[in-house]
Amino acid sequence: GRTSATESTTARTRRTKSSKPDAEISAEPSVMMPEDELTRWTIRLALFAYAARLAFDLGRPRLPHRGRHMVSRGLWTAACLLLWLHVGCAFHFEHHWSHAAAYEQTARDTLAVTGLDWGGGLWINYLIVATWTFDVVWWWTAADSFARRPLWVERLWQATLAFIIVNSTIVFES
C-alpha cells in the first residue's frame, strides 16, 4: 500500500505539533527521530526482500528445485514479515494505534496528491497485508497447491504489488 507514506507523514506531524510559525518551521532542517528511521528501514528492507525474491525467481539460479523453492519462499516470507513490522511501527509511532488517525492521515495525503478527500487507501493497505500474509501461509502449508496456481494469479498479484509500490514510493512521496 502507501507503505512509505509514513515517511512524509512523520515530517508533517512534527511540523504540525510545533508552536513556531510556518516560515520558521520550513527553514528548519528535518530532524529524524529513531522511530522515523525504524519505520523507514522496515519498509526499505521489505522492498529489498521483495525485489530479491523477484530477481532470484527471474534469474533461475542453478540450485535444485527444492533449494530454489526454499530461498524464494524465505525471501517472500521475510518481505511479508518486514511489511508487518513496518505497519506496526507506523501504527505505533505515527498513529498511536488509532485506525481513525491512520484513516484521517491517509485522507489528507490522498487529498494533497489527487484532490480526492478519501482515506479508503488505508483499507487497500489492509487488504494487501492480509493477502500477502495469506499467500505466505499458503506457500508454507500447501506448497504443491501453491506451485500449481494459475500463472495469471501470480501475474495479477505481482502487478497489484507493483502498482501499490509505485504509488506509495513515487506518486505519494514526490
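Residues numbered from 1 in each chain as written. Predicted model: local features only at pLDDT ≥ 70, side-chain atom pairs only at ≥ 80, totals over all residues. Heavy atoms only, no water.

Focus on the packing of helix H6 (residues 121-141) against helix H8 (residues 151-171)
So, step 1. Look at H6 against H8: their axes get within 12 Å of each other, and the N-to-C directions meet at 140 degrees. Considered as vectors, H6 and H8 are oriented oblique to each other. At the point where H6 passes H8, the crossing takes the left-handed sense. Here Ile124, Ile128, Thr131, Trp132 and Asp135 of H6 lie close against H8, whose contacting residues are Trp157, Thr160, Leu161 and Ile164.
So, step 2. Counted by class, the contact of H6 with H8 contains six nonpolar, two polar and one charged residues. (Axes fitted to C-alpha atoms, helices over the stretch in contact; angles between N-to-C directions. Helix = DSSP H or I, 4+ residues; strand = E, 2+ residues; numbered from the N terminus. Parallel < 35°, antiparallel > 145°, perpendicular 65-115°, else oblique. Left-handed = near helix turned anticlockwise from the far one by under 90°. Contact = heavy atoms within 4.5 Å. Nonpolar A, V, L, I, M, F, W, Y, C, P; charged D, E, K, R; others polar.)

What to know about the pattern of salt bridges
So, step 1. All told, the structure shown has four salt bridges when counted by the stated rule.
So, step 2. Between arginine 53 and glutamate 154 there is a salt bridge; the shortest N-O distance is 3.7 Å. You can see arginine 53 sitting in helix H3 (residues 34-59) and its partner glutamate 154 sitting in helix H8, a full 101 residues away along the chain.
So, step 3. Put simply, aspartate 135 and arginine 149 hold a salt bridge, and the shortest N to O gap is 2.5 Å. (Salt bridge = Lys/Arg side-chain N within 4 Å of Asp/Glu carboxyl O.)

Some remarks on the confidence of the model for the protein
So, step 1. In this model, the protein carries a mean pLDDT of 84, and residues with pLDDT of at least 70 account for 79%.
So, step 2. H6 holds the highest mean pLDDT among the elements of the protein, 97, whereas helix H1 (residues 5-17) holds the lowest, 40.
So, step 3. For residues 1-29, every residue scores under 50 in pLDDT, and the model assigns this stretch 49 contacts once sequence neighbours within four places are set aside. (pLDDT = per-residue confidence, 0-100.)

Examining helix H5 (residues 99-114)
So, step 1. The end-to-end C-alpha separation of H5 is 22 Å, in line with the 22 Å expected for 16 residues at 1.5 Å each.
So, step 2. Of the residues making up H5, those classed as buried are Ala102, Gln105, Thr106, Ala107, Asp109 and Thr110. (Expected span 1.5 Å × (residues − 1). Buried < 20%, exposed > 50% of the residue type's maximum accessible area, 1.4 Å probe, protein only.)

Topic: H3
So, step 1. Counted at 1.5 Å a residue, the expected span for H3 with its 26 residues is 38 Å, and the 36 Å between its end C-alpha atoms agrees.
So, step 2. Looking at H3, one finds that the buried residues are Asp36, Thr39, Arg40, Thr42, Ile43, Ala46, Ala49, Tyr50, Arg53 and Phe56.
So, step 3. One or two positions beyond H3, positive phi appears at arginine 60, with a value near 45 degrees.

Considering the nonpolar core
So, step 1. In this structure, Tyr50, Trp76, Trp132, Trp157 and Leu161 are the most contacted members of the largest nonpolar core, which totals 18 residues.
So, step 2. Secondary structure elements with two or more residues in this core: H3, helix H4 (65-94), H6 and H8.
So, step 3. Apart from residues no more than four positions distant in its own chain, tryptophan 157 is found in contact with Trp76, Ile128, Thr131, Trp132, Asp135 and Arg149. (Core = buried A, V, L, I, M, F, W, Y, C linked by side-chain atoms within 4.5 Å.)

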